[in-house]
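Take a look at the letters that make up each chain.
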Amino acid sequence: MRIGIDLGGTKIEGLVLDADGSERARLRVPTPQGSYEEAVEAIAGLVAELERRVVARCTVGIGHPGAISPASGLIKNANSTRLNGRPLRRDLERAIGREVRLANDANCLAVSEASDGAAAGCRIVFGVILGTGVGGGIVIDGRPLTGAQAIAGEWGHNALSLPRDDERPGRRCYCGGAGCIETWLSGPALQGLFTARTGRTLRATEIADAALAGDAGAAAEIELYCDRLARSLAVVINILDPDAIVLGGGLSSIAHLYRRVPNLWRNYVFSELDSIVTKLLPPKYGDSSGVRGAAWLWPA
Ligand SMILES: [Zn+2]
């Protein structure tokens, strides 16, 4: 059996999948907000408790923010910045007592959805996290593409493409850039843009609900969000030409995105309009896609 762990900013989720992909156990604990060492201990504790429940020794795959630098073996590019510069693989292997496989959380989403999820049967899949942060991962023939710098698919820290006059230069980003896709498309970004426009405070999914209910200010903000997402994904389509793009993260529950964004990306993709077959799909496993993908890092 396989254990998958999803290390998030607010929670650590773990599950056990058996050989046919069905779920045998699941646990969720808050991410310790203190030290890095506490987070490592929490993951090791979760693995021990999951194995106690299924009475078996399992393989362990872990999805985490950021990437492991091929040069140093240390975590880089994580929006949970206390992970950066840490030897997470070495520390987890020591704490858990076996080899572990680690992958970026967006790669895990893409692996899960390409394995037995919304994009099953698709050769080239781009997975997108739209949540507290924005990330992307590429899966080809079921396997994550890591890349020379281990940043393949890292899309959230490119600048928004085709910026309008009022979108330049964009806000500063924690990465040191300005106007990054993440500063436009994350949940906090959408909330902040809506508040700046309307003076009201709603969560990202509430803005989408208000737009559906006829709220003009919310509808205008969601339309801009869809257009920015369409511009950002058109760049991915032009380079990678995926069969499917699967969304994950909290904003992936906004159903309007799947109708509107493919209509808008037709304006930006370099192809005849009637030949764009790339699908934009919601995750089959919802919130659980990342943790399932982490388990699938050890294929059957
Ligand atoms: Zn950035």
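As a starting point, this report considers the structure included with it. (Residues numbered from 1 in each chain as written. Predicted model: local features only at pLDDT ≥ 70, side-chain atom pairs only at ≥ 80, totals over all residues. Heavy atoms only, no water.)

### Brief notes about the pattern of salt bridges
Link 1 in the chain: Taken as a whole and assessed by the stated rule, the structure comprises 20 salt bridges.
Link 2 in the chain: In this structure, the salt-bridge partner of Arg 200 is Asp 215, at a minimum N-O distance of 2.8 Å. Highlighted residues: Arg 200 in the loop between helix H5 (187-198) and helix H6 (204-212) and Asp 215 in the loop between H6 and helix H7 (216-240), separated in sequence by 15 residues.
Link 3 in the chain: We classify Arg 200 as partly exposed; its relative accessible area is 35%.
Link 4 in the chain: Among the salt bridges present, the one from Arg 260 reaches Glu 223, with a minimum N-O distance of 2.7 Å. Remark: Glu 223 occurs in helix H7 and Arg 260 occurs in helix H8 (residues 256-265); sequence separation between them is 37 residues.
Link 5 in the chain: A cluster of three or more residues bridged by salt bridges with shared partners is formed by Arg 164, Glu 167, Arg 197, Glu 221, Asp 227, Arg 228 and Arg 231. (Salt bridge = Lys/Arg side-chain N within 4 Å of Asp/Glu carboxyl O. Helix = DSSP H or I, 4+ residues; strand = E, 2+ residues; numbered from the N terminus. Buried < 20%, exposed > 50% of the residue type's maximum accessible area, 1.4 Å probe, protein only.)

### Considering the coordination of the zinc ion
Link 1 in the chain: Coordination of the zinc ion by the protein involves His 157 (ND1), Cys 173 (SG), Cys 175 (SG) and Cys 180 (SG), with metal-donor separations of 2.0 to 2.3 Å.
Link 2 in the chain: Counting the intervening residues between successive donors of the zinc ion yields the motif H-x15-C-x1-C-x4-C. Separated by 23 residues along the polypeptide, His 157 in the loop between strand E10 (143-144) and helix H4 (182-185) and Cys 180 in the loop between E10 and H4 bring together distant segments of the chain. (Donors = N, O, S within 2.8 Å, 3.2 Å for Na, K, Ca; no water.)

### Description of the nonpolar core
Link 1 in the chain: Among the nonpolar cores identified, the biggest contains 44 residues, and Leu 130, Trp 155, Leu 233 and Trp 265 are the most heavily contacted of them.
Link 2 in the chain: Contributing elements (two or more residues each) for this core: strand E8 (124-130), strand E9 (134-140), H4, H5, H6, H7, strand E11 (244-248) and H8.
Link 3 in the chain: For this core, the leading source of residues is H7, giving 11 residues.
Link 4 in the chain: Contacts of Leu 130, omitting those with residues within four sequence positions, involve Leu 185, Tyr 225, Leu 229, Leu 247, Gly 248, Gly 249, Gly 250, Leu 251, Ser 252 and Leu 257. (Core = buried A, V, L, I, M, F, W, Y, C linked by side-chain atoms within 4.5 Å. Contact = heavy atoms within 4.5 Å.)

### Quick notes on helix H2 (residues 88-96)
For an α-helix, 3.6 residues make a turn, and residues three or four places apart therefore share a direction.
Link 1 in the chain: Listed in full, the buried residues belonging to H2 are Leu 88, Asp 91, Leu 92 and Ile 96. The buried residues of H2 occupy one face: seen down the axis, they fall within an arc of 115°.
Link 2 in the chain: Structurally, H2 contributes buried residues whose contacts are with strand E1 (2-7), helix H1 (36-54), strand E4 (59-64), strand E6 (75-76) and strand E7 (101-104). (Arc of directions from axis to C-beta.)

### Overview of the sheet that holds E8
Link 1 in the chain: Ordered by their spatial adjacency, 5 strands build an open sheet running E10-E9-E8-E11-E12, and the pairing between neighbours is mixed. Across the chains shown, the open sheet's two edge strands, defined by having one partner strand only, are E10 and strand E12 (279-281).
Link 2 in the chain: The strands touched by H7 within the sheet are E8, E9, E11 and E12, with E8 carrying the most contacts at an inclination of about 150°. (Pairing = 2+ DSSP bridges. Axes fitted to C-alpha atoms, helices over the stretch in contact; angles between N-to-C directions.)

### Topic: the sheet that holds strand E3 (residues 23-30)
Link 1 in the chain: An order of E3-E2-E1-E4-E7 is seen for the 5 strands of this open sheet, with the pairing classed as mixed. Each edge of the sheet is formed by a strand with only one pairing partner; in this case those strands are E3 and E7. Sheet twist, expressed as the average angle between the axes of neighbouring strands with direction ignored, equals 15°.
Link 2 in the chain: Sheet topology note: the strand E2 (residues 11-17)/E3 ladder contains 7 bridges and is antiparallel. Bridge pairing in E3 places Gly 14 opposite Leu 27.

### Let's talk about the packing of aromatic side chains
Link 1 in the chain: Throughout the structure, instances matching the rule amount to 1 aromatic pair.
Link 2 in the chain: With a centroid separation of 5.9 Å and an interplanar angle of 80°, the aromatic rings of Phe 126 and Trp 155 are classed as edge-to-face. With Phe 126 in strand E8 and Trp 155 in the loop between E10 and H4, the pair connects residues that are 29 residues apart, well separated along the chain. Across the pair, exposure class does not vary: Phe 126 and Trp 155 are buried alike.
Link 3 in the chain: Its guanidinium or amino end placed over the ring of Trp 184, Arg 171 lies 5.5 Å from that ring's centre, counting from NZ or CZ.
Link 4 in the chain: Taking NZ or CZ as reference, Arg 292 lies 3.9 Å from the ring centre of Tyr 285, over its face. (Phe/Tyr/Trp six-rings, centres within 6.5 Å; stacked < 30°, edge-to-face > 60°. Lys NZ or Arg CZ within 6 Å of the ring centre and 35° of its normal.)

### Considering the environment of Ile 96
Link 1 in the chain: Inspection of the secondary structure puts Ile 96 in helix H2.
Link 2 in the chain: Residue classification places Ile 96 among the buried positions, given a relative accessible area of 11%.
Link 3 in the chain: Not counting the four nearest positions on each side in its chain, Ile 96 is found in contact with Ile 43, Ala 44, Val 47, Val 60 and Ile 62.

### Describing the pairing of E4
Link 1 in the chain: A large share of E4 lies buried, amounting to 5 of its 6 residues.
Link 2 in the chain: As paired elements, E1 and E4 share 5 bridges and run parallel to each other. Within the sheet, the bridge partner assigned to Ile 3 lies in E4 and is Val 60.
Link 3 in the chain: Pairing of E4 with E7, which is carried by 4 bridges, proceeds in the parallel orientation. Bridging across to E7, Gly 63 finds its partner in Ala 103.

### Digging into the side chain of Arg 292
Link 1 in the chain: Considering the arrangement of structural elements, one finds Arg 292 in helix H9 (residues 289-295).
Link 2 in the chain: Looking at Arg 292, its side chain comes within polar contact range of the main-chain oxygen of Gly 21, at 2.9 Å.
Link 3 in the chain: Apart from the residues lying within four places of it in its own chain, the contact partners of Arg 292 are Leu 15, Leu 17, Gly 21, Ser 112, Asp 116 and Tyr 285. (Polar contact = N/O pair within 3.5 Å; in protein donor to acceptor, adjacent residues only side chain to side chain.)

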